[in-house]
Number of protein chains: 2
Amino acid sequence: MLFEQIFPVWNKLTAQEKETLRNTAFKRTAAKGRLMHNGASDCVGLILVCSGQLRAFISSDEGREITLYRLFAHDMCLFSASCMMRSIQFDVALEAEKDAELWIIPADIYKTVMEGSAAVANYTNELMASRFSEVMWLIEQIMWKSFDKRLAAFLLEESAVDGSEALKITHDRIAAHMGTAREVVTRMLRYFQSEGMVALTRGSVELIDRKRLNMLAK
Amino acid sequence: MLFEQIFPVWNKLTAQEKETLRNTAFKRTAAKGRLMHNGASDCVGLILVCSGQLRAFISSDEGREITLYRLFAHDMCLFSASCMMRSIQFDVALEAEKDAELWIIPADIYKTVMEGSAAVANYTNELMASRFSEVMWLIEQIMWKSFDKRLAAFLLEESAVDGSEALKITHDRIAAHMGTAREVVTRMLRYFQSEGMVALTRGSVELIDRKRLNMLAK
């Protein structure tokens, strides 16, 4: 994938900014399992995912981990370039979960472009807000774990009712059943899917790991 | 306090932007205990704190709360204007912990200025990154609670050694004792202070709530 096809606000850049980015960004591949970025100890630059899948996580001194979010094709990662913003005072590690192709933008280059371009700065804001939202969602899960349990229980119940592992049901319908917003259902189902508990296709939810769903629901 | 004295990047604004903000920002007071902003249900605008103290927190469906961070004089709050950015998909509530004087900037006005001004957009980025850092710190506390326990135990031990409630010790010295960075110590001590467990002055740490420190250390 060409750099200009994947950089998010390419059409809002000046000719000079395009030139600078094109001349400095470089392509890399990362094999499955490769640690791309390890907290504050390196500052590899901004990562644009062309293909594959990355996992962002934090880990404790004792080596316990928790996944913060995942990055797929067309996603960009700011925190692999945390040295570029002094207010980013936390360390996120990044690992390839599937073989990945990436563009890397050196941190100092992105910083310079961002400081001069309202479009790039505003895009960066939206990006940070998205990641922030994912982390806030995670905090709520950690603190109050209620909706995930409710949803797991609901899926098991529906499956028993239907006598089927593949539920023909929309996210809207589940939301209506559970008295919540469709977005909340979609987000949680995607999380279930990323954990291998369900498989999602248009208009259906297939239960894959009934044992884990049962444990969750309890 | 005049608006131009408290708006963070005033000198980097155009005359037009200054005019727009000056004509639309307005002053408010909030008495101690007043709920300023309640998640997504309102969008009061960006809050600039002139004096007093605000608390940002999230709460569960069952009414349990957790404090995310505090805002003091000269701090700005983005999340009271979360409607201005579509990627902010979480709800933070805001409460006055002490009588407060505030400037409010309407969300749509700030959004328009930010979209046109790289300076304002970059400032907003740094602000969001700061809050993000505070929340990431909180996650680590929640998940792995290790350093707070260690620090509480250390302070109690020092107090026993000195036979005093007011420890003459610098953050640097504590860091050296505990094999960590000074910033980590400072951040945790400030947290202890905000929770009323210690009082900090230059070169000393006074133990205020020995009972809670003991509970924490265990």
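Everything quoted here is computed from the prediction, not taken from an experiment. (Residues numbered from 1 in each chain as written. Chains lettered and ligands numbered in written order. Predicted model: local features only at pLDDT ≥ 70, side-chain atom pairs only at ≥ 80, totals over all residues.)

All right, on to the sheet that holds strand E8 (residues 198–201) of chain B then. Residues and elements named next belong to chain B. Taken in spatial order, the three strands make up an open sheet running E7-E9-E8, and their pairing is antiparallel. One side of each edge strand has no neighbouring strand; the edge strands of this open sheet are strand E7 (166–168) and E8. Strand-to-strand, the axes of this sheet are offset by a mean angle of 20°, without reference to chain direction. Looking at chain direction, E7 and strand E9 (residues 204–207) are connected through three bridges and run antiparallel. If you follow Ala166 over to E9, its bridge partner there is Glu206. (Pairing = 2+ DSSP bridges. Helix = DSSP H or I, 4+ residues; strand = E, 2+ residues; numbered from the N terminus. Axes fitted to C-alpha atoms, helices over the stretch in contact; angles between N-to-C directions.)

You'll often see interface size given as the accessible area lost when the parts meet. Every contact between the two is made by 34 residues of chain A and, on the other side, 34 residues of chain B. Elements with a contribution of two residues or more to the side of chain A that touches chain B: helix H3 (107–116) and helix H4 (118–144) of chain A. Of the residues assigned to the side of chain A that touches chain B, the class counts are 18 nonpolar, eleven polar and five charged. (Contact = placed C-beta atoms within 7 Å. Nonpolar A, V, L, I, M, F, W, Y, C, P; charged D, E, K, R; others polar.)

Residues and elements named next belong to chain B. Relative to E9, E8 runs antiparallel, the two being bridged by four bridges. The residue of E9 that forms the bridge with Val198 is Leu207. Count of turn residues in the E8/E9 antiparallel hairpin: two residues, of which Gly203 carries a positive phi of about 80°.

Below, the discussion takes up the relation of the copies chain A and chain B. Of the transformation placing chain A onto chain B, the axial shift is 0.1 Å and the rotation is 180°, giving an RMSD of 0.2 Å. Look at the turn and shift together and you get a two-fold axis relating the two. It is Ala118(A) whose C-alpha, among those of chain A, lies nearest the rotation axis, at 2.0 Å. Taken as a fraction of all interface residues of chain A, those also at the interface in chain B reach 100%, which identifies the copy contact as same-surface. (Least-squares fit on C-alpha atoms with pLDDT ≥ 70 in both.)

Each assigned domain of chain A is listed with its residue range as follows: domain 1 (3–139) and domain 2 (145–217). Computed from C-alpha coordinates alone, the two centres of domain 1 of chain A and domain 2 of chain A are separated by 31 Å. (Domains from an automatic or database assignment.)

Attention now moves to the packing of helix H5 (residues 147–162) of chain B against helix H8 (residues 210–217) of chain B. Residue and element names in this part refer to chain B. At a minimum axis distance of 8 Å, the contact between H5 and H8 shows a crossing angle of 130°. Of the possible angle classes, the one that applies to H5 and H8 is oblique. Of the two elements, H5 crosses H8, and the hand of that crossing is left-handed. Across the interface between the two elements, Asp148, Lys149, Ala152, Ala153, Leu155 and Leu156 from H5 touch Leu213, Asn214, Leu216 and Ala217 from H8. Looking at the contact of H5 with H8 residue by residue, the classes come out as seven nonpolar, one polar and two charged. (Parallel < 35°, antiparallel > 145°, perpendicular 65-115°, else oblique. Left-handed = near helix turned anticlockwise from the far one by under 90°.)

All right, on to unusual backbone geometry then. Glycine aside, residues mostly have negative phi angles, and peptide bonds mostly take the trans form. One non-glycine residue, His74(A), adopts positive backbone phi at about 80°. Residue position: His74(A) is located in the loop between strand E4 (65–71) and strand E5 (76–77).

The subject of this paragraph is the sheet that holds strand E8 (residues 198–201) of chain A. Residue and element names in this part refer to chain A. Reading across the sheet, the three strands line up as E7-E9-E8 and stay open at both edges, with antiparallel pairing between neighbours. The open sheet has two free edges, formed respectively by strand E7 (166–168) and E8, since each of these has just one partner strand. Strand after strand, the sheet turns through a mean of 20° between neighbouring axes, direction not considered. Strands E7 and strand E9 (204–207) of the sheet are contacted by helix H5 (residues 147–162), whose axis makes an angle of about 90° with E7.

With that out of the way, let us pick up the environment of Leu155(B). All names here are of chain B. Along the chain, the position of Leu155 falls in helix H5. Classification of Leu155 by C-beta neighbours within 10 Å gives buried; the count is 24. Between the C-alpha atoms of Leu155 and Leu167, which are twelve residues apart in sequence, the distance is 8.1 Å. Contact partners of Leu155, with chain neighbours within four places excluded, come to Leu167, Val205, Leu207 and Leu213. (Buried ≥ 20, exposed ≤ 12 C-beta atoms within 10 Å, placed from the backbone.)

Residues and elements named next belong to chain A. Taken as a whole, chain A shows an average pLDDT of 88; of its residues, 94% reach a score of 70 or greater. Averaged pLDDT values for the elements of chain A fall to 79 in helix H6 (residues 171–178) and rise to 96 in helix H2 (residues 15–24). Here the predicted complex scores 0.73 on pTM and 0.72 on ipTM. (pLDDT = per-residue confidence, 0-100.)

Our next topic: the environment of Leu151(B). All names here are of chain B. You can see Leu151 is positioned in helix H5. A tally of 25 C-beta atoms within 10 Å means that Leu151 is categorised as buried. Distance from Leu151 to Leu189, taken between C-alpha atoms, is 8.5 Å for residues 38 residues apart in sequence.

Residue and element names in this part refer to chain A. Summarising the element assignment, Val9 is placed in the loop between helix H1 (3–6) and H2. By the C-beta count within 10 Å, which is 15 here, Val9 ends up partly exposed. Separated by 133 residues in sequence, Val9 and Ile142 have C-alpha atoms that sit 34 Å apart. When residues no more than four places from it in sequence are discounted, the contact partners of Val9 are Ala119, Val120 and Tyr123.

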